[in-house]
There are 2 protein chains.
Amino acid sequence: MRVEFWFEFASTYSYLAAERVPREVLYRPFLLGPIFQKRYGFLDSPFNRDPARGAYMWRDLERMCTKLGLPWRKPSVFPRNGLLAARVAILCAEEPWIGDFVRGVYRANFAEDRDIADPSVVAGVLASLGKPRSLLDDAQTGANKERLRAQTARAEELGIFGAPSFLAGGELFFGNERLEDALAWR
Amino acid sequence: MRVEFWFEFASTYSYLAAERVPREVLYRPFLLGPIFQKRYGFLDSPFNRDPARGAYMWRDLERMCTKLGLPWRKPSVFPRNGLLAARVAILCAEEPWIGDFVRGVYRANFAEDRDIADPSVVAGVLASLGKPRSLLDDAQTGANKERLRAQTARAEELGIFGAPSFLAGGELFFGNERLEDALAWR
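Residues numbered from 1 in each chain as written. Chains lettered and ligands numbered in written order. Predicted model: local features only at pLDDT ≥ 70, side-chain atom pairs only at ≥ 80, totals over all residues. Heavy atoms only, no water.

Draft legend 1. Highlighting the environment of B:Phe174. Position of B:Phe174 relative to the elements: it lies in strand β4 (residues 171–174). Sequence separation between B:Phe174 and B:Phe36 is 138 residues; the distance between their C-alpha atoms is 15 Å. Not counting chain neighbours up to four residues away, the residues in contact with B:Phe174 comprise A:Arg53, A:Tyr56, B:Phe161, B:Gly162, B:Ala163, B:Pro164 and B:Ser165. (Helix = DSSP H or I, 4+ residues; strand = E, 2+ residues; numbered from the N terminus. Contact = heavy atoms within 4.5 Å.)

Draft legend 2. Structural context of unusual backbone geometry. Residue B:Pro79 is reached from B:Phe78 by a cis peptide bond, and omega for that bond is -10 degrees. By the secondary structure assignment, B:Pro79 is in the loop between α4 (51–68) and α5 (83–91). Phi angles above zero are rare outside glycine, and A:Asp113 is one such case at about 50 degrees. Tracing the chain through its elements places A:Asp113 in the loop between α6 (98–110) and α7 (119–128).

Draft legend 3. Representation of the side chain of A:Asp60 in the model. Structurally, the position occupied by A:Asp60 is in helix α4 (residues 51–68). By relative accessible area, which is 2% here, A:Asp60 ends up buried. Polar side-chain contacts of A:Asp60 include one of 2.6 Å to the side chain of A:Tyr13. Those residues within four positions of A:Asp60 in sequence are excluded, and the remaining contacts are A:Tyr13 and B:Arg178. (Buried < 20%, exposed > 50% of the residue type's maximum accessible area, 1.4 Å probe, protein only. Polar contact = N/O pair within 3.5 Å; in protein donor to acceptor, adjacent residues only side chain to side chain.)

Draft legend 4. The arrangement of the pairing of strand β1 (residues 4–7) of chain A in detail. Residues and elements named next belong to chain A. Residues of β1 alternate between two faces, with Glu 4 and Trp 6 on one and Phe 5 and Phe 7 on the opposite face, all of them buried. Bridging between β1 and strand β2 (residues 26–29) involves 4 bridges; their strand directions are parallel. When the sheet's bridge partners are listed, Trp 6 is paired in β2 with Arg 28. For the segment spanning β1, helix α1 (residues 12–20) and β2, crossover handedness is right-handed. For β1 and strand β3 (residues 165–168), the ladder comprises 3 bridges, and the chain directions are antiparallel. When the sheet's bridge partners are listed, Glu 4 is paired in β3 with Leu 167. (Pairing = 2+ DSSP bridges. Right-handed = clockwise from strand over helix to strand, strands pointing away.)

Draft legend 5. Examining the interface of chain B and chain A more closely. Listed per partner, the contact involves 22 residues of chain B and 22 residues of chain A. For the pair chain B and chain A, the summed buried area comes to about 2,000 Å², and 47% of that belongs to carbon and sulfur atoms. The three residues of chain B that bury the most area against chain A are B:Tyr56, B:Arg63 and B:Arg178, which together make up 28% of that side's buried surface. Our count for the contact surface shared by chain B and chain A stands at 10 salt bridges. In this structure, the salt-bridge partner of A:Arg59 is B:Glu171, at a minimum N-O distance of 2.9 Å. (Buried area = accessible area lost by both parts, 1.4 Å probe. Salt bridge = Lys/Arg side-chain N within 4 Å of Asp/Glu carboxyl O.)

This is the structure:
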């Protein structure tokens, strides 16, 4: 049984999880925006809507990156639009290099303060793995766009309300802190 | 330096933290209701307002209690009103038995499904520790009510937006999962 790793590229805590998941997880990119909009009536991050929660999150992320030895630079724009990167990730989810791609996008966003909505940034991550820019076109076919929509709908059906989330044997685990529990679940 | 443990008796995750904190923490009861109301315009628990989040929380609590070896019964009323218990807790915060009182109230709420707003339930917890029912009267003087109001105002000033929270050397840590980080903070 492979644990499913559900993530959103705009999500700060998903960055921590992406750096910690073992090789064998199933990568499940999805979009939080539509879920937030449907559930709460807004598209923005809850961290932007609640200043105390937001201020805490940024400090917590900084501390957690220090603790985990991860590079960190507070992004100048938050949340960034991860749509294109998510389309590439779902297209390539079964590739052996998917984990490196996912971590590359997260580092662009949260360690290098680059705009992951910019095709050249996503192409740059692909290039660093020796993969062609043409994957951006493959990611933007109607069929692949629909795959991401369907996966986001599945996230909602599973009761996913935030990222990262993990699915193990039908059990949902929410948050970077639950990764170990998800991996240990039988 | 003693770590401050900020908790609310209605909070499920505070129950887990109360069972895990070391003896030397400073107990800081406060009320989340006024903070939620001021910040979000509602008094109810966010877990009641978001069914997916609520359903997840109940399952997560059950799993966490199993993992930690804690008794657990889903309360038939949530959130319960912890005002009286919080007034007793702030009155007795420096007593050597404060931890036992706090855990007793949490167990009444989350392991025995009893109404912690009922004075006889709180008196029962006190009695189990050999403490007199008259502490309920002492807890409800104007001066002690004001202490709890001031402590809740201080929670807000500290940027506290949920429970449990921990304060260590000026740093705020949120959530049961951050207890160890708070204790390790220098």
